[in-house]
Amino acid sequence: MSVRKNTSRFARAVYVVDGARTPFLKSKGKPGPFTAANLAVSAGRPLMVRQRFLASDLDEVIVGCVMPGPDEANIARVIALRLGCKEHVPAWTVQRNCASGLQALDCAAENIASGRSNLILAGGVESMSHAPVLYNNTMVEWLADFSRAKTLGQKIGALIKLRGKHLKPIIGLIRGLTDPIVGLNMGQTAENLAYRFNISRTQMDEFALESHRRLAYAQDQKYLDEIEVMYDYRGNSYNQDDGLRRETDLVQLAKLKPVFDRGFGSVTAGNSAQVTDGAAMLILASEEAVKKFDLPVIGRIIDAHWAGVDPAQMGLGPAHAMAPILQRQGLKLKDIDYWEVNEAFAGQVLACIEAWKSDEYCRNELGLDGALGELDRSRLNVDGGGVSIGHPVGASGARIVLHMLKVLQRAEAKRGIASLCIGGGQGGAMLVERVSGVTP
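Residues numbered from 1 in each chain as written. Predicted model: local features only at pLDDT ≥ 70, side-chain atom pairs only at ≥ 80, totals over all residues. Heavy atoms only, no water.

A. Inspection of the nonpolar core at higher detail. With 44 residues, the main nonpolar core has F197, L326, W339, W356 and I417 as its most contacted residues. Take this core: its biggest share by element is eight residues, from helix α12 (residues 346–357). Those residues in contact with W339 that sit more than four places away from it in its chain are M322, L326, L333, W356, L375, R379, L380, N381, M404 and I417. V61, A76, A91 and F293 belong to the second-largest nonpolar core, a separate cluster that totals 43 residues. (Core = buried A, V, L, I, M, F, W, Y, C linked by side-chain atoms within 4.5 Å. Buried < 20%, exposed > 50% of the residue type's maximum accessible area, 1.4 Å probe, protein only. Helix = DSSP H or I, 4+ residues; strand = E, 2+ residues; numbered from the N terminus. Contact = heavy atoms within 4.5 Å.)

Encoded structure:
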């Protein structure tokens, strides 16, 4: 087909050639079988093997990751070299909390649009089960004193001062999911939205149940063909997202106790995203690279937007990030065929839907003339979302863009928007279009 007229905000067209992800594996309370780098390589290796170019033909590698391990400094470079990119291929890591994977794609798109690069491997990864457990400052100071002790007497004196308070750890995952500005855990910000928009516990549980049902159906229909099988060092295989709870129902969900506001809250483990390990990688290319290597094309990145919101209500980020794209592109809700809004919390997604329905909110918060309208939930997260699939924070942004393109292909639809809320009070969104090919 001929190249579509450029309606993108990017100066040059940015195409998505292919993509792959790992199964998203639910954390079971201890380090999982894969580190972050191993996850990304497991997604990237089969993706690169089936291409018509070599890994050394890439112009750069960009990866989003929030908590790389101690042996994964600039994890993108570690991944690139392990995938066979030669030393001349630069690689860099980005971090924008929950949208790190989306940020990697946006950075790649910008570099292709500017002419700096033509062919980029970009995506995101997180091994949340490997989140660090840290010494507190009291212990760090004690260790410094002990290391300075020279004589046996000095060392014994230092040991005598060791107390239980020194051994109290800092749990990296808990600290990382707490906003340092407002002092609220991400779940508490979801409680704020449930209260503000009068979203009930039942509504949240119904949304969560639907997420599991949609994922179950997608697995049964083999819709998730972007997933690559992984194998650990013990010979175990992993071929699908394992956080799915096929047997759950509203009765079981209703039995779960609130986690973040035990006395009066509605946010539970059942209607929140799961703590998960996973990776998603995509290949982005300019028209020049598509023609040079005769590459198939599955989609095109048209627009992206980043927004800031009150950190205490960070879950509204998608509403603020998606609306400017619609305005800039002259689109209405009905013009978007499918939506992927990351399910950090069921109540948070429902709050975004309610915000768009509100004349008051859209006027006062989004600067619009009135309500955008009601998003059709039958076209939202059609194969499940973070509640059922999981939310490895560095990877989710890349996963929802890749899956959006897969959904558009399957339905032979045209446009989709993928969006996430971001810890710290932000939102990110990306508009993509299906493309079946480009004429050399």
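B. Representation of the packing of helix α3 (residues 100–114) against helix α15 (residues 396–411) within the structure. The interhelical angle for the contact between α3 and α15, taken along N-to-C directions, is 65°, at an axis separation of 4 Å. Viewed along their axes, α3 and α15 adopt a mutual orientation that is roughly perpendicular. Between α3 and α15, the contacting residues are G101, L102 and L105 on the first element and G397, A398 and V401 on the second. Here the contact of α3 with α15 is composed, by residue class, of four nonpolar, two polar and no charged. (Axes fitted to C-alpha atoms, helices over the stretch in contact; angles between N-to-C directions. Parallel < 35°, antiparallel > 145°, perpendicular 65-115°, else oblique. Nonpolar A, V, L, I, M, F, W, Y, C, P; charged D, E, K, R; others polar.)

C. Examining a nonpolar patch on the surface more closely. Nonpolar side chains collect at one region of the surface, where V133, I171 and I174 lie side by side and expose about 280 Å² of accessible area between them. As for its position among the elements, V133 is in strand β6 (residues 133–134). (Patch = residues over 30% accessible without salt bridge, like charges linked within 9 Å, V, L, I, M, F, W, Y side chains within 5 Å. Areas by Shrake-Rupley, 256 points an atom, 1.4 Å probe, with all protein chains shown as cover. Salt bridge = Lys/Arg side-chain N within 4 Å of Asp/Glu carboxyl O.)

D. Layout of the pattern of salt bridges. Evaluation of the coordinates by the stated rule reveals 23 salt bridges. Residue K291 is joined to E287 by a salt bridge in which the shortest nitrogen-to-oxygen separation is 2.7 Å. Residue K291 and its partner E287 are located together in helix α10 (residues 287–293), separated by four residues, close to a single helical turn. When its relative accessible area of 25% is taken as the criterion, E287 is described as partly exposed. Among the ionic contacts, a cluster of salt bridges with common partners joins R9, D106, E110, D303 and R328.

E. Summary view of helix α7 (residues 186–196). When we look at burial in α7, the residues that qualify are M186, G187, T189, A190, E191, L193 and A194. Tucked inside the fold, the buried residues of α7 contact α8 (201–220) and α12. Where α7 begins, one side-chain oxygen reaches toward the backbone nitrogen of G187, 2.8 Å away; that side chain belongs to N185. Once α7 ends, the next one or two residues include N198, with phi positive near 55°. (Polar contact = N/O pair within 3.5 Å; in protein donor to acceptor, adjacent residues only side chain to side chain.)

F. Representation of the side chain of E226. Residue position: E226 is located in the loop between α8 and β8 (230–231). Once you skip the residues sitting within four places of it in the chain, E226 turns out to touch A20, R21, L402, H403 and K406.

G. View of the state of the cysteines. Under the counting rule described, the total for this entry stands at zero disulfides. Here C85 stays unpaired: no disulfide links it, and the sulfur of C65, its closest cysteine neighbor, is 17 Å away. Of the residues examined, C85 reaches a relative accessible area of 5% and is grouped as buried. Free of any disulfide, C352 has its nearest neighbouring cysteine sulfur in C421, separated by 7.1 Å. In this structure C352 comes out as buried when scored by relative accessible area, which is 5%. (Disulfide = S-S within 2.5 Å.)

H. Molecular detail of the packing of aromatic side chains. What the rule picks out here adds up to six aromatic pairs. Both rings, one in F53 and one in F293, keep their centres 5.6 Å apart while their planes meet at 55°; by these two values the pair is tilted. In this pair, F53 is assigned in the loop between α1 (36–49) and β3 (60–64) and F293 in helix α10, connecting sequence segments 240 residues apart. Exposure remark for F53: the relative accessible area of 5% places this residue in the buried category. (Phe/Tyr/Trp six-rings, centres within 6.5 Å; stacked < 30°, edge-to-face > 60°.)

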